[in-house]
Amino acid sequence: MKINTNLCLYPCKTKYPILLVHGTGTRDDKRLSRWGRIPGALEKAGGKVFYSNQDAWGTIPNNAEMIKKRIIAILSKTGSDKVNIIALSKGGLDSRYMIHKLGMEDKVASLTTISTPHYGSKTMDFWFRSISPFLKSAALFINAIYLRQGDKSPDFYNVCLQFTTKHSEEFNREIINSDKVYYQSYASAMKKPYSDMILFPSHLVVKFFDGECDGIVSVNSAKWGEFRGIISGKRLRGVSHSDLRDLRRVGPLGKIVINAYIDIVSELREKGF
């Protein structure tokens, strides 16, 4: 993916505001951005940025309802007719469901998904075949934690189930793209298992079952709508799933990721969104 070379003073000043939709395991926090330096960089470049505020471990239908309410509030506040959604990981599934099922196709100009598991994960299939009882037990603990952190309806077990390939096949048959919305997608990939020591174990497993991946989502599963390519640094490290939200907030790799988001938004601007 090329670095943004748009000479416009405000390359991210889009027609419609930008809604950042997070994935699982994290929540939006006004005090500490879960997107690192990305929102600030987009705003500095002229973008109007908002957060989705859905549950960290909410099911797709539940989170879709939350995102819908958030969009209605944003449109009321800004006076805009639509939003541009940039969704990371499961956030892309929540957004697709919302557009198709909840009558929001006239309120969304574009949906950009980044490392969203559109076709599910064979790795998750393996976990359900092997340790389904453990996942149910873990759900009790994880749901309790996220209830305290603000989730309204955390459902760890069923969220994991929604990542299986069988569920994804059913989901994709039912949730189809709207002709009124521009859909594009990006993937990311770690070039070596040790590219991200946090995701080192998961990278080994996911790559074995699903192929080239960012430690969580495979490149093939991330392709949806117009596939725009793989976000990747020039060095040997590549870009991991955690890098996509600027988790470390340091180094040249962080700048590459930030520039990737700027590039995405500036191209939306050029398309009239």
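Residues numbered from 1 in each chain as written. Predicted model: local features only at pLDDT ≥ 70, side-chain atom pairs only at ≥ 80, totals over all residues. Heavy atoms only, no water.

Visitor: Sorry if this is basic, but what is going on with the overall build of the protein here?
Guide: Along the protein, the regular secondary structure elements total eight helices and six strands. Beginning at the N terminus, the succession of helices and strands in the protein can be written as β-α-β-α-β-α-β-α-α-α-β-α-β-α. Computed over C-alpha atoms, the radius of gyration of the protein comes to 18 Å, within 12% of the 19 Å expected from 2.2 N^0.38 for 273 residues, which places it in the range of a compact globule. Counting every position in the protein, which comprises 273 residues, the buried fraction comes to 55%. By sequence separation, contacts in the protein at least 24 residues apart represent 79% of the contacts at least 6 residues apart. Put simply, the protein shows about 12,900 Å² of open surface, and 56% of that area lies on carbon and sulfur atoms. Here the protein holds 41 positive side-chain charges and 26 negative ones, and the gap between their average locations is 5 Å. (Helix = DSSP H or I, 4+ residues; strand = E, 2+ residues; numbered from the N terminus. Rg over C-alpha atoms; globule rule 2.2 N^0.38 Å. Buried < 20%, exposed > 50% of the residue type's maximum accessible area, 1.4 Å probe, protein only. Contact = heavy atoms within 4.5 Å. Areas by Shrake-Rupley, 256 points an atom, 1.4 Å probe, with all protein chains shown as cover. Lys, Arg positive; Asp, Glu negative; His and termini not counted. Charge placed at Lys NZ, Arg CZ, Asp CG, Glu CD.)

Visitor: Sorry if this is basic, but what is going on with the pattern of salt bridges here?
Guide: All chains considered together, the criterion is met by eleven salt bridges. For Glu-267, the salt bridge identified is with Arg-228, shortest N-O distance 2.9 Å. Taken together, the residues Glu-267 in helix 8 (residues 251–270) and Arg-228 in strand 6 (residues 226–231) connect sequence positions 39 residues apart. Taking the shortest distance from any N to any O, the salt bridge between Arg-237 and Asp-243 comes out at 2.5 Å. With a relative accessible area of 6%, Asp-243 lands in the buried category. When salt bridges with common partners are traced through the structure, they connect Asp-196, Arg-237, Asp-243 and Arg-248 into a single cluster. (Salt bridge = Lys/Arg side-chain N within 4 Å of Asp/Glu carboxyl O.)

Visitor: So what exactly am I meant to see when it comes to the pairing of strand 6 here?
Guide: Regular strands have side chains that alternate between both faces of the sheet. Bridge count between strand 5 (residues 182–188) and strand 6: four bridges; the pairing is parallel. Paired with Ser-188 across the bridge in strand 6 is Ile-231. After leaving strand 5, the chain enters helix 7 (residues 200–210) and then returns to the sheet as strand 6, a path that is right-handed. (Pairing = 2+ DSSP bridges. Right-handed = clockwise from strand over helix to strand, strands pointing away.)

Visitor: I would appreciate a short explanation of the state of the cysteines in the present structure.
Guide: As used in these notes, a disulfide is a covalent bond between sulfur atoms, one from each of two cysteines. Within the structure shown, the criterion is met by zero disulfides. In this structure Cys-213 is not part of a disulfide, and its nearest cysteine sulfur, from Cys-160, lies 17 Å away. A relative accessible area of 1% means that Cys-213 is categorised as buried. (Disulfide = S-S within 2.5 Å.)

Visitor: I'm lost on helix 6 (residues 165–174) in this one. Help?
Guide: Helical geometry: 3.6 residues make up each α-helical turn, so side chains three or four residues apart lie on a common side. Taken residue by residue, helix 6 has Ser-168, Phe-171 and Asn-172 as its buried positions. The arc that holds every buried residue of helix 6, seen down its axis, measures 95°, which confines them to one face. Exposed and oriented more than 90 degrees from the buried face of helix 6 are Lys-166 and Arg-173. Lining the buried residues of helix 6 we find helix 2 (60–78) and helix 3 (91–101). (Arc of directions from axis to C-beta.)

Visitor: What should I look at first to understand the layout of surface pockets in this one?
Guide: One simple way to see leftover space: roll a probe sized like a water molecule over the atoms. Empty space within the largest pocket amounts to approximately 1,000 Å³. Lining of the largest pocket is provided by 41 residues; of these, Thr-24, Trp-57, Met-124, Phe-163 and Ile-216 occupy positions nearest its centre. Elements supplying a minimum of two residues to the lining of the largest pocket: helix 4 (122–148), helix 5 (156–161) and helix 7. Here the lining of the largest pocket gets nine residues from one element, more than from any other, and that element is helix 4. Its residues assigned to classes, the lining of the largest pocket shows 23 nonpolar, 15 polar and three charged. (1 Å grid on protein atoms, 1.4 Å probe; cavity = no way out; pocket = protein on both sides within 12 Å on 5 of 7 lines; lining within 4 Å. Points joined across faces, edges and corners; volume = space filled by probe spheres on them. Nonpolar A, V, L, I, M, F, W, Y, C, P; charged D, E, K, R; others polar.)

Visitor: Honestly, the sheet that holds strand 1 (residues 18–21) in this entry has me stumped. Any pointers?
Guide: Pairing between sheet strands relies on hydrogen bonds along the backbone, with the strands arranged either parallel or antiparallel. Spatial ordering of the open sheet is given by 2-1-3-4-5-6, a layout of six strands whose pairing is parallel. Each end of this open sheet is capped by a strand with a single partner; those strands are strand 2 (49–51) and strand 6. Each adjacent strand pair in this sheet contributes to an overall mean axis angle of 20°, direction not counted. (Axes fitted to C-alpha atoms, helices over the stretch in contact; angles between N-to-C directions.)

Visitor: I keep staring at the pairing of strand 4 (residues 108–114) and nothing clicks. Help me out?
Guide: Of all seven residues in strand 4, seven are buried, a share of seventy percent or more. Judged from the six bridges that link them, strand 3 (residues 83–88) and strand 4 form a sheet pairing that is parallel. The residue bridging Ile-86 from the neighbouring strand is Thr-112, located in strand 4. Remark: the strand 3/helix 3/strand 4 crossover connection has right-handed handedness. Relative to strand 5, strand 4 runs parallel, the two sharing five bridges. The partner of Ser-110 across the bridge, within strand 5, is Tyr-182.

Visitor: Got a minute to help me understand the confidence of the model for the protein in this structure?
Guide: Regions with low pLDDT carry predicted coordinates that are not meant to be interpreted in detail. Within the protein, residue pLDDT values average 93, and 95% of them lie at 70 or more. Counting contacts from residues 1–6, a segment whose pLDDT is below 50, to residues more than four positions away or on other chains yields 18 contacts. (pLDDT = per-residue confidence, 0-100.)

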